[in-house]
Every structure is written in C-alpha cells, then in structure tokens.
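The lines below spell out each chain.
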Amino acid sequence: MTAVRDALDLQSLGPGASELGELLNELLSADGGEPERIAALRPLKPPRVYRLELVRGGAPWRSVVVKRFDSAIVAQRTRLAAERWLPALGLADGCARLLGVAADVRGGVVWHVYEDVGDETVAVRRDPDRVAAAVELVANLHTRAAGHAVLPDVRRYCPDLGIRFFTTNLHDAIGALEAVQSSRIKPSEAHVGVAGRLLSRLRGLLADVDRRAAVFAEAAGPDTLLHGDLWTTNTVLVPTAAGLRACLIDWDHVGVGPLAYDLSTLLFRFPLGERVGVLDLYRHAVARVGWSLPPAAELKLICETVELARCANCLIWPALALVDEQAAWGFPQLAEIERWFGALDAGQYDLQKLSC
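Residues numbered from 1 in each chain as written. Predicted model: local features only at pLDDT ≥ 70, side-chain atom pairs only at ≥ 80, totals over all residues. Heavy atoms only, no water.

1. Section: unusual backbone geometry
Here's step 1: The step from Pro46 to Pro47 runs through a cis peptide bond, and the omega angle for that step is 5°.
Here's step 2: A positive phi is found at Arg184, a non-glycine position, where the angle reads about 60°.
Here's step 3: Relative to the helices and strands, Arg184 resides in the loop between α6 (163-183) and α7 (194-207). (Helix = DSSP H or I, 4+ residues; strand = E, 2+ residues; numbered from the N terminus.)

Encoded structure:
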C-alpha cells in the first residue's frame, strides 16, 4: 500500500519521513486492509508529535500517533519502557501501545507509531474519578518497581534522578554560567546581572548539598522506576468497558530515583487547594503495600530539592547557547528561570501544610 505516502506530504516532517511512510504502510496493511483515504495529519506537539487519521467506508476508521525523536538514546529508553519494563511490572496498559519504530538511514532521527489514546488528560478534566485513577497508576508504578529485578536494566539506559541529579546539575549549571561571565557577552539592560545572581544562588545551593543529601538518605525511600515528566498533560484517561484506563504518555525522561521526583511534578501541576487531596490519594494507595511517606517537613525539602535540580538543569542550555552562539534568547531564558527560583522562594510550591 502506497496510500500513506501518496496522500500526505510526509516529507515535510523531515528526516526519517520515508522510513515512517514505509512503516505506516506495513502497519495499516496488517490491520485489516487498506483505508479508503488518509483524512489528516494533525499536529499535536509540532514538529515532533502528530495524529494520523484514516477513513474507511466513508467514516472515521482509526487513528495513530506518530512521534519524532532526535535522539536515538531517548527513543530507545521510551521503547524499552513500553515493550519491556512496564510489561515486566504488569503495567503494559499503563502507557500507549507502541505499534512500530522507524529510523532514518543514519539513525539520527527515530519515529515511533503509537496507538491513539486520545486527548482526555487530567489537565483537561480534573474530576475526582479521573484524578484517582491516574494517581493509582502512579502509585502502582512506584511500588511495583521498587526492588524489582527490572531496575538494573533501567539503570543501564536511564539517568539517576536522585540526589545525584541535584548535585550534577548544580555543577554543570555553575560551569555554564561561569563560561557566560568569562565570555564577557553583554546582556541587554533588562538582563544585566542575571547570570551573576543565578551563579550566586547555585553556589549557595551547592554549599547546602550535604544537608539535603542526608534528608534524602534518611527519608526519600527506595529507588524506583520514574516516569520523569509527570505533568497532568501526560496523564490520559481512556474510557473502556471495564472503566477508566489510566495511561502515561511521553516517557522521554524515564529514569530511576525516589518517588518524590514524580510526586512533586504531579502535585505542583494542581492548584494549591487541590494538592492535599492528591497527596492523600497517593498516600492511601502506597499504604496498601506497606509504604508510608516522609513527614511533611522532610517531604517538602525533598520535593523542593527536586524542583531546584530541574531549574538548574534548565539553566545549562541557554547558558551554553550564549557561549557557543550568543543566542538572542539566552538571557531572556535565564531571566525566566530566575523567576522560577523566585517562585520557589515565595513558597509557591510549599508542601509544609500537607499532612503526611
């Protein structure tokens, strides 16, 4: 079947488009014959994620989601999560089913084709049943993976998202900001001093590493498999005859570390007034297998440390872009990240009042 390539300008998707077309031809031919026509290639997160819609018998037939990876390493992690790690935990339905993989001839770009699980994310609809189903899946992921034989395999391919994530990103961000200052690149008047202020902040955090590491060692709990990017936009609820199927998408940042790495991301995507309820759902879910969460003060510090680590990681790339190419967006992005740090200072992500 050549309908996929003929009906859509897949070449506009860039490298690997021809190989993607061949894969789609294979998958659609094996799925019960040819569709009458390709209805649309709809951008979801361009230029990387699209929904391919097909028509048969004059009516919508089915759709798939295609996703581009510009890193073969990330593509491999995501494939292993879907095909090996989640099934080993009895959670194969906890992600969108991976239907096929295609790569350009150089291997620099990889395309995945997934079942289409829809757009009904928790970010779109936060009703109690949907939130509860999503939290239950996250709790199952964490409790089943902790101590499981799958973790060594995950560690072979994925980053450590524990306290080392904090210290490594602090060192890398400090080095990148020091390079910005050494380069003597002149910022606009609005951004004078931003690199120096961020550098001072990071050095202060580096001096506090031992205290934070001690809390991690005492209270963060066992390492487990982490989704790594647990925004409510990545948590989809699919209606089925048996009820709601919770499904986590976009496993690009999958890794190993303490549950707080995922939990903090999830909690901070909810309005402040809803976080207590979400945390209670998670606490009750993990309690069923004998787990307990740290006291509020320790949980707050661990989650804060995770968020600070993410901020430090985000600093690295605009700083390097300034040094390497004097990117115009570099200083504005550094200023935006300084604002994120300010939100942490102001208690925007405060967990102190959450009962544990």
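2. Let's talk about the nonpolar core
Here's step 1: In this structure, Trp85, Leu177, Leu202, Leu225, Tyr282, Leu315 and Phe341 are the most contacted members of the largest nonpolar core, which totals 99 residues.
Here's step 2: Top contributing element to this core by residue count: helix α11 (residues 296-325), with 13 residues.
Here's step 3: Setting aside residues no more than four positions away along its own chain, Leu225 makes contact with Trp85, Leu86, Leu89, Leu141, His142, Ala145, Leu151, Val154, Val254 and Gly255. (Core = buried A, V, L, I, M, F, W, Y, C linked by side-chain atoms within 4.5 Å. Buried < 20%, exposed > 50% of the residue type's maximum accessible area, 1.4 Å probe, protein only. Contact = heavy atoms within 4.5 Å.)

3. A look at helix α12 (residues 330-345)
Here's step 1: Across its 16 residues, α12 extends 23 Å between first and last C-alpha, which sits within 8% of the 22 Å expected from 1.5 Å per residue.
Here's step 2: Those residues of α12 lying buried are Gly330, Phe331, Leu334, Ile337, Phe341, Ala343 and Leu344.
Here's step 3: Structurally, α12 contributes buried residues whose contacts are with α6, α7 and α11.
Here's step 4: Looking one or two places after α12, you find Gly347, whose phi comes out positive at around 80°. (Expected span 1.5 Å × (residues − 1).)

4. A closer look at the layout of surface pockets
Here's step 1: The volume enclosed by the largest pocket comes to roughly 1,000 Å³.
Here's step 2: Residue lining of the largest pocket: 30 residues in total, with His253, Tyr261, Arg310, Asn313 and Cys314 positioned closest to the centre.
Here's step 3: Elements with a contribution of two residues or more to the lining of the largest pocket: α3 (72-88), α6, α9 (260-268), α11 and α12.
Here's step 4: Looking at which element gives the most residues to the lining of the largest pocket, the answer is α11, with 7 residues.
Here's step 5: Its residues assigned to classes, the lining of the largest pocket shows 13 nonpolar, 7 polar and 10 charged. (1 Å grid on protein atoms, 1.4 Å probe; cavity = no way out; pocket = protein on both sides within 12 Å on 5 of 7 lines; lining within 4 Å. Points joined across faces, edges and corners; volume = space filled by probe spheres on them. Nonpolar A, V, L, I, M, F, W, Y, C, P; charged D, E, K, R; others polar.)

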